[in-house]
Amino acid sequence: MINICKMKKISFMMLAILSLATVWLTSTANIALSQQVADSNYTPSVAHPAYEEDSPRVLFDEAHSNIHTAEGRYKPFVDLITQDGYEMVPNQQLFQPETLADYDLLVIANALSAEEGAVAFEERECDAVRDWVESGGALLLIADHKPFGAAAANLADRFGVTMSNSFTADPFHADEETDNPNFLLFSRQNKLLAEHPITEGRNSAERIDRVLAFTGQSLSVPPGGEPLLLLSDTAVNLDRRLNYPEDLQAGEGSSAANQVQGIALRVGQGRVIVLGEAAMLSAQQVQMPDGESLLIGMNRLGVDNQQFALNIMHWLSGLLD
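Cut-offs used in this document
- Residues numbered from 1 in each chain as written.
- Predicted model: local features only at pLDDT ≥ 70, side-chain atom pairs only at ≥ 80, totals over all residues.
- Heavy atoms only, no water.
- 1 Å grid on protein atoms, 1.4 Å probe; cavity = no way out; pocket = protein on both sides within 12 Å on 5 of 7 lines; lining within 4 Å.
- Points joined across faces, edges and corners; volume = space filled by probe spheres on them.
- Nonpolar A, V, L, I, M, F, W, Y, C, P; charged D, E, K, R; others polar.
- Pairing = 2+ DSSP bridges.
- Helix = DSSP H or I, 4+ residues; strand = E, 2+ residues; numbered from the N terminus.
- Axes fitted to C-alpha atoms, helices over the stretch in contact; angles between N-to-C directions.
- Contact = heavy atoms within 4.5 Å.
- Buried < 20%, exposed > 50% of the residue type's maximum accessible area, 1.4 Å probe, protein only.
- pLDDT = per-residue confidence, 0-100.
- Salt bridge = Lys/Arg side-chain N within 4 Å of Asp/Glu carboxyl O.

Caption draft 1: Expanded view of the layout of surface pockets. If you add up the space inside the second largest pocket, you get close to 230 Å³. Lining the second largest pocket are 13 residues, and of these Val 46, Ala 47, His 48, Glu 206 and Gln 307 sit closest to its centre. Partitioned by chemical class, the residues of the lining of the second largest pocket number four nonpolar, six polar and three charged.

Here it is as structure tokens:
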């Protein structure tokens, strides 16, 4: 005869174990996330600041649950552009015409919605930003892999850019050091770094040869768009993150061919840069399980991410054309 009481005890015990496992997994994920921090050892150096006076005013968005803030993971970027002569002001307000009026540039990095899959910006905010750009403002819009693409979708759409909201991978054009298929290399050698004033710079010292991205999404190229970071025919959009090339299953995902991970747009009298990956313009440190630290962003040796960040700002502020 089945002992019902004993079965109930076992069921309750299994539920308790599952609950503890869930808590442990959640805690582990949070710990992993907390281990990805701004690299305190990174010290940006700008030999010849672009602006000694008449500094362009940059509004840095922190009003949309952004995971990248001026004193957080994007502090290296803020420190860099401040050294280059830009005046940076954090933003805590929704975008309105009067909010934007006193600024030359707007930077948005990884805005997020409180509701999964929802947009981070109100429609009237998107209209205000679009109108401001058309009147001469300059926007740097950065939205990473899923879920950040969905959060910024309506703002990107104002400029004709569709975000895949995916994890874009390319095992054939990955970072040589880690072999991570989500870490994409854009170089002159592999022909995925487009010719553009941003990649050429103002002189040979500012010329870009290699840019490394660290797990992002793909972007469409609207009419008139100027690609910066090209995706190859072997790039795919996935619903999950990969760690090793062999993790990619045959036939998995959808092709990201003819899409990009960085694009420049001229909109009315203004300018827009949209990037599908955020860490490339920061300098972060990730604690790995083996105790080693992985450097991702402008602090990575052998790439030109720091100059790429400066050149983007120079193009947005009109120094490059």
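Still more to cover.
Caption draft 2: Expanded view of the sheet that holds strand S4 (residues 105-109). Taken together, seven strands build an open sheet; the order of strands is S3-S2-S4-S5-S13-S12-S9 and the sheet is mixed. Either end of the sheet is taken by a strand with one partner, and the two such strands are strand S3 (87-91) and strand S9 (226-230). When the angles between neighbouring strand axes are averaged without regard to direction, this sheet yields 15°. Each of strand S2 (57-61), S4, strand S5 (138-142), S9, strand S12 (260-267) and strand S13 (270-275) is contacted by helix H8 (residues 305-316), which is oriented at about 155° to S13, the strand it contacts most.

Caption draft 3: Summary view of the environment of Ile 312. Residue position: Ile 312 is located in helix H8. Between the C-alpha atom of Ile 312 and that of Val 272, which follows or precedes it by 40 residues, the distance is 9.8 Å. Ignoring any residue separated from it by four or fewer positions in sequence, one finds Ile 312 in contact with Leu 140, Ile 198, Ile 273, Leu 275 and Leu 281.

Caption draft 4: View of helix H2 (residues 75-83). Burial in H2 covers these residues: Pro 76, Phe 77, Val 78, Leu 80 and Ile 81. Gly 85, located one to two residues past H2, shows a positive phi value of around 105°.

Caption draft 5: Geometry of the confidence of the model for the chain. With 89% of its residues at a pLDDT of 70 or more, the chain shows a mean pLDDT of 90. Below a pLDDT of 50 lies the segment residues 1-34, which in the model reaches two contacts outside its immediate sequence neighbourhood of four places, other chains included.

Caption draft 6: Representation of the pattern of salt bridges in the model. Here the structure, examined in full by the defined rule, presents 19 salt bridges. Among the salt bridges present, the one from Arg 300 reaches Glu 177, with a minimum N-O distance of 3.2 Å. Placement of the pair is Arg 300 in the loop between strand S15 (293-297) and H8 and Glu 177 in the loop between strand S6 (167-169) and strand S7 (183-187), with a sequence separation of 123 residues. Look at Arg 300 and you get buried, because its relative accessible area is 6%.

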